[in-house]
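Listed below are the residues making up each chain.
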Amino acid sequence: QVQLVESGGGLVQAGGSLRLSCAASGPTFNREIMGWFRQAPGKERAFVAAVVWSGAITYYADSMKGRFTVSRDNDKNIMYLQTTSLKPEDTAVYYCAARRFGSRWSSPGDYDYWGQGTQVTVSS
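Just so it is clear, the model here is predicted, and its values are computed rather than measured.

Before we go on, may I ask you to explain the pattern of salt bridges in this structure?
Charged atoms that come close allow side chains of opposite charge to pair. Overall, the coordinates contain 4 salt bridges when judged by the stated rule. Where D90 meets R38, a salt bridge forms, and the shortest distance between an N and an O atom there is 2.8 Å. On the criterion of sequence distance, the pair formed by D90 in the loop between strand 8 (78-83) and strand 9 (92-99) and R38 in strand 4 (residues 33-39) is long-range, its members being 52 residues apart. Given a relative accessible area of 14%, R38 falls into the buried group.

Would you explain the sheet that holds strand 8 in this entry?
Strand pairing in a sheet is mediated by backbone hydrogen bonds. Such pairs are either parallel or antiparallel. With respect to topology, 4 strands assemble into an open sheet ordered 1-3-8-7, the strand pairing being antiparallel. At either margin of the open sheet sits one strand with a lone partner, and together these are strand 1 (3-7) and strand 7 (68-73). Across this sheet, the average inter-strand angle for adjacent strands is 15°, counted without regard to direction. In terms of strand pairing, strand 7 meets strand 8 through 6 bridges, oriented antiparallel. If you follow F68 over to strand 8, its bridge partner there is T83.

Sorry if this is basic, but what is going on with the nonpolar core here?
Side chains that are nonpolar tend, in soluble globular proteins, to be buried together. L4, W36, L81 and Y94 are the most contacted members of the largest nonpolar core, which has 36 residues in total. Among the elements of the structure, strand 3 (18-25), strand 4, strand 5 (46-51), strand 7, strand 8, strand 9 and strand 11 (118-123) are those that each provide at least two residues to this core. The contact partners of Y94, leaving out residues within four places of it in the chain, are E6, L20, W36, F37, R38, V48, F68, L81, G117, T118 and V120.

How do you make sense of the side chain of T83 when you look at a structure like this?
Within the secondary structure, T83 is located in strand 8. Residue T83 is classed as buried on the basis of its relative accessible area, which comes to 3%. In this structure, T83 is in contact with G16, S17, L18, R67 and F68, ignoring residues within four places of it in sequence.

I would appreciate a short explanation of the environment of S54 in the present structure.
Tracing the sequence through the fold places S54 in the loop between strand 5 and strand 6 (58-60). Polar side-chain contacts of S54 include one of 3.2 Å to the backbone nitrogen of A56.

Explain the pairing of strand 5 to me, please; I cannot follow it from the model alone.
Residues in a regular strand project their side chains so that they alternate between the two faces of the sheet. Of all the 6 residues making up strand 5, 5 are buried; the element is thus mostly covered by neighbouring parts of the structure. Inspection of the sheet shows strand 4 paired to strand 5 by 5 bridges, in the antiparallel sense. Pairing of W36 across the sheet is with A49, part of strand 5. Remark: 6 residues form the turn of the hairpin made by strand 4 and strand 5, two consecutive strands paired antiparallel; G42 in that turn has positive phi of roughly 80°. In the sheet, strand 5 pairs with strand 6 via 3 bridges, with the strands oriented antiparallel. By the bridge assignment for strand 6, A49 is matched with Y60.

Before we go on, may I ask you to explain the state of the cysteines in this structure?
In protein chemistry, a disulfide is the covalent bond that joins the sulfur atoms of two cysteines. Using the criterion set out here, one finds 1 disulfide in the structure. What pairs with C22 in a disulfide is C96, and their sulfur atoms sit 1.9 Å apart. In this structure, the disulfide formed by C22 and C96 twists by about -70° around the S-S bond and is classed as left-handed. One end of the pair, C22, is in strand 3; the other, C96, is in strand 9, with 74 residues separating them in the sequence. Comparing C22 with C96, the two get one shared label, buried.

Rules used in this analysis
- Residues numbered from 1 in each chain as written.
- Predicted model: local features only at pLDDT ≥ 70, side-chain atom pairs only at ≥ 80, totals over all residues.
- Heavy atoms only, no water.
- Salt bridge = Lys/Arg side-chain N within 4 Å of Asp/Glu carboxyl O.
- Helix = DSSP H or I, 4+ residues; strand = E, 2+ residues; numbered from the N terminus.
- Buried < 20%, exposed > 50% of the residue type's maximum accessible area, 1.4 Å probe, protein only.
- Pairing = 2+ DSSP bridges.
- Axes fitted to C-alpha atoms, helices over the stretch in contact; angles between N-to-C directions.
- Core = buried A, V, L, I, M, F, W, Y, C linked by side-chain atoms within 4.5 Å.
- Contact = heavy atoms within 4.5 Å.
- Polar contact = N/O pair within 3.5 Å; in protein donor to acceptor, adjacent residues only side chain to side chain.
- Disulfide = S-S within 2.5 Å.

Function-wise, these values are silent; they only describe arrangement.
Following this line, the structure appears as structure tokens:
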């Protein structure tokens, strides 16, 4: 099976940046598509961004577009989420997810594997 481990979260001031990492292991055909989701207290888990194996195609939630950048380094088996211009509203647990090749990327149910999450807290 695929194992995913997020890191890089922490406390950051509004307007700052963080780079989150997701270290992946397991069969590569089960993690051809990887994505980021986030969940704030009392809210549903929401899509952030996704990237295909090659990194050539990415997909972002509208609220994240222009501020967040998703990428992956398959030699290191790591997916990244570079965040900029962080706002208090970005405070959430950020989760890494993976799935085999497919056409659906933006819903939690589209993914088969999940990490434990990493907390991002943005202060005012």
